[in-house]
Amino acid sequence: AASGSSLASVRERRKKHLVEKDESLMEIGNRAFSERNYEKAVTSYSNALLQDKKNAKLFSNRSAAYSALGKYGKAEKDAASAISLDPGWPKAHFRMGFALERSTRYQEALTYYSMGFEMSSKQCYKKEKAMIEKALRRVEQLCKKLNLHNRIETDAKDPFFNMVRWLKAGGARFPSLYMQRYRDEHRGVHALKYLKPQEEILYVPLKFIMTSIDARQSLICKKIEKSKVQVESAHTWLAAYLLSERSKKESSFYFPYINILPKSFPTIPLFFNKSMLDHLKGSFALKKISHRNTHLRKEYMTIADKVAEFSKFSYEEFVWARLCIITRIFGVYANGVKTDGLVPYADMLNHKLPRETSWCYDDEKRGFTITTVKPITIGEEVFDSYGRKCNHRFFVNYGFALTENPDNEAVLKIIFDEKKSDLAPSKAAVLNALIGSNFGEHEFQVPAQFDQKTQNLLGFCRLMVINEREMGELLRYHQRKLTMESNKMTEYESYPMKIIGPLSGRNELEALALLKKAAREAMDKFETTIKFDEELIKSGEAEKKGLNFQNCVVMRLGEKKVLNWFIRLTEKSTELLKLSFPRFRSRILESLHEDLQFDLYAEHVLEPIVKKKTHCFAELMKASCHTTGTQQYMRYP
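Source: prediction; values computed, not measured. (Residues numbered from 1 in each chain as written. Predicted model: local features only at pLDDT ≥ 70, side-chain atom pairs only at ≥ 80, totals over all residues. Heavy atoms only, no water.)

**Regarding the environment of Y72**
And then number 1: For Y72, the position within the fold is in helix α4 (residues 72–85).
And then number 2: Distance from Y72 to L100, taken between C-alpha atoms, is 7.3 Å for residues 28 residues apart in sequence. (Helix = DSSP H or I, 4+ residues; strand = E, 2+ residues; numbered from the N terminus.)

Below you can see the structure in the form of C-alpha cells.
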C-alpha cells in the first residue's frame, strides 16, 4: 500500500511539473509575441503543444503568431484546431476570421467573425466582443466596397466555381484576384488587396493552356493535315481542337474551362440582323463584317468537304470556336518556340490602355504569368491590354468599341481613271513601283495621325494631280538617287519608292483638294451627323437601346471624327499655303500644340513649301526631308 501511495505521489509531481513547464513555455511565447519575435513565439507554442495537444489557447496563440509571419495557411489550420477543441470560444473564431481575412477570403472571414461576435454577446467576453466587433465591421464594409455579393467563383452552382477549383488543384495561383459579374454575361477581374508594381498576380501552369502546338498534335488536326486541305487561318487548328475537346464533355481534361466559355456571342456583329447592321450604314465595318463571314464559311466548307471527322461539327459550331479563339488567345514564346493558346482565368481580364499589367510565358516556372506594371488599389478592376487597335478590330473581333480611341481609322477612296488622268502611263508606272497596282479604285484606311498610312495617302493624292514638269523632276530625282546608290539604272517597277513627298505649292494645294473631296464623299455616306451621335451617347439614349446599338454608334462616330480631322486639315492647310512665311509662322504659333498631328504635318510639309516658295523640286525635297531622333516623318525613297 505504501508502495502504491508513493507511486501515485510521483505521478502527481510529474503532472504538476509538466503543467508548470507548459505554462512557462506559453509565457515565453507570449513574451516573444509581444516583442514581435514571432518565430520564437511559434517555437515556444509548438514545444508547449508537444506536452499538451488539447490546449485550445496554445493553438489560438500559435495561429496569431503564424498570421503575424504571413503564414496564413498554418494560422488557419491552428485556428481550426482551437475551434475543434473549444467550439464555444469566441477568440478561436476570431483567429480563424483573421487568418481568412489576411488570405483575402473576406466572405469566409465574415462568417467566422459573425459567429465569434454572436458567442461573445451571449457570454462574458467583454474584451473579445469589442475586438471581434471591430473586425466584423471592417470586413463588412470591405465586402460592400468590393461588391463581393457579385463575386462569381464562390458560388458552387456557377461553372466558374469548378474552373477555379480545377485550376487551384493543379497549381494555378491568383490569390489576390476575384471575378465580379456586372450584368448578363459581362464580368471583370478585380483586386482583393492592394497590388504593388511588379507583383505577380496570376500563374497558370502549362498543362492548363490549350496551345496551337497541342492542337496540331491532336487526332482531328492530324486528319486535317493528312487531307492536304489548304487551311487559311492558323486559328482554325486551335478551333478544331477546341471543338474536338468540347465533344468529349466531362471526359475532357479541359472541361471545367470549356464549360465557362460563352455559349453565344451576341455582341459580335457577325450575328447582327439587318436592322442592327443598318445603324452602321456608311461605316467600313460593314465590309469587314461581310469579309469575315465569307472567309469563315469558305474555311469551314473547304475542310468539311475533305475531312469527315470535321464535318460532324456544324458551321455555327465552327464559328463559335473561331470566336472563342480570337477573343481570348494569347501569343507567347514557350520553351523558345513561338505559339499561341487559350489561358484559363487570364482571358477574363478586360481591355484598357495604357496597359496596367504585362504577361508572358515563364520557361523556368513552366507557366503563364501576369504581373502588374502600376499600383492597383483594393477593389479596383485589373485590366489587360489588347494593344492599340482601331475600333473596327475591337468591334468585329471582340464585340466592343471604345468611346475615345486615338487609333480609330476611316476609309477614303480615290479613283485613278486612266481615261480622265493626264500623264496616265507615267503615273501608272510610278504607282506600280509604289504599291504594285495602278488603275482603278484605291482605298486608304487611315487614322487621324500624320503616320505612314496618312503619308501614303497624301503621296497618292500628289501623284494624281502631278503635272508634266513635276513628274519629270520626280523621275529624275529617283534616277539620280539610284545612280548614286548602285551606279545603274532600273525600270520604274524596281524603284525603291515608298512615299511621294511634297512636290510644290501648286501640287500640294491640288492634292489637299482631292483629299478633301474624298473625305467629304466618305462622310456623306453616313445618315447621321457627328453632333447627333455625340448627343445619343451623352444623353444615355444609345445605352438605353442596348449595347449593340451603342457600339454601332460609337463605331460610326469614331470614323466620322477621323474624316472630319482630314477635312479640317485640308481646309486649314489650304489657308496656310497661301500666306507669306512670316504670317505663316505667326498662325502656326497661335495654334501650336492644339493638334500635335497637324503640327507635324505643318512642320515637315507645309513649312518647307511656304518657306521656299519655289518649284525647285530638289530644294523642296532637301528642306522637307527632315528627321527627328529615329523617326523620319516624311520618308523619301
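Now that the structure is up, let's keep going.
**Some words on the nonpolar core**
And then number 1: If you look at the biggest cluster of nonpolar residues, it comprises 86 residues, and the most contacted ones within it are L242, F310, Y345 and F368.
And then number 2: Excluding anything up to four places from it in sequence, F368 contacts L202, Y203, V204, I209, F330, V332, V343, A346, W359, C360 and Y361.
And then number 3: By size, the runner-up hydrophobic cluster in this structure holds 51 residues, among which are L458, A518, L577 and Y601. (Core = buried A, V, L, I, M, F, W, Y, C linked by side-chain atoms within 4.5 Å. Buried < 20%, exposed > 50% of the residue type's maximum accessible area, 1.4 Å probe, protein only. Contact = heavy atoms within 4.5 Å.)

**Section: the sheet that holds strand β1 (residues 177–183)**
And then number 1: The strand order across the open sheet built from four strands is β1-β2-β10-β7, with neighbouring strands paired in mixed fashion. Taken across any chain shown, the strands that pair with only one partner, and hence form the sheet edges, are β1 and β7 (350–351).
And then number 2: Across two bridges, the pairing between strand β2 (residues 186–191) and strand β10 (residues 381–384) is antiparallel. Bridging from a neighbouring strand, H190 pairs with E381 of β10. (Pairing = 2+ DSSP bridges.)

**Quick look at the pattern of salt bridges**
And then number 1: One pass over the structure, following the stated rule, counts 36 salt bridges.
And then number 2: Between R151 and E153 there is a salt bridge, and its shortest N-O distance comes to 3.6 Å.
And then number 3: A relative accessible area of 14% means that R151 is categorised as buried.
And then number 4: Its relative accessible area of 7% is what places E153 among the buried residues.
And then number 5: Measuring nitrogen to oxygen at the nearest pair gives 3.6 Å for the salt bridge that ties K223 to E309. Taken together, the residues span a long stretch of sequence, with K223 in helix α10 (residues 219–226) and E309 in helix α15 (residues 308–311) at a distance of 86 residues.
And then number 6: You can call E309 partly exposed: its relative accessible area is 34%.
And then number 7: Salt bridges sharing partners connect three or more residues here, namely E76, R105 and E108. (Salt bridge = Lys/Arg side-chain N within 4 Å of Asp/Glu carboxyl O.)

**Side note on helix α22 (residues 530–538)**
And then number 1: When α22 is considered as a whole, its buried residues turn out to be I530, D533 and L536. For α22, the angular spread of buried residues about the axis comes to 125°, placing them on one side. Projecting away from the buried face of α22 at angles above 90 degrees are the exposed residues K531 and K538.
And then number 2: Buried residues in α22 make contact with α21 (505–524), α23 (541–544) and α24 (547–577).
And then number 3: Following α22 by one or two positions, G540 adopts a phi angle in the positive range, close to 85°. (Arc of directions from axis to C-beta.)

**Thoughts on the pairing of strand β6 (residues 337–342)**
And then number 1: In terms of strand pairing, strand β4 (residues 210–211) meets β6 through two bridges, oriented antiparallel. When the sheet's bridge partners are listed, T211 is paired in β6 with G341.
And then number 2: Strand direction decides the pairing type here: strand β5 (residues 329–334) and β6, joined by six bridges, are antiparallel. Considered in β6, the bridge of F330 is made with G341.
And then number 3: From the end of β5 to the start of β6, which pair antiparallel, there are two residues, and N335 there has a positive phi angle of about 55°.

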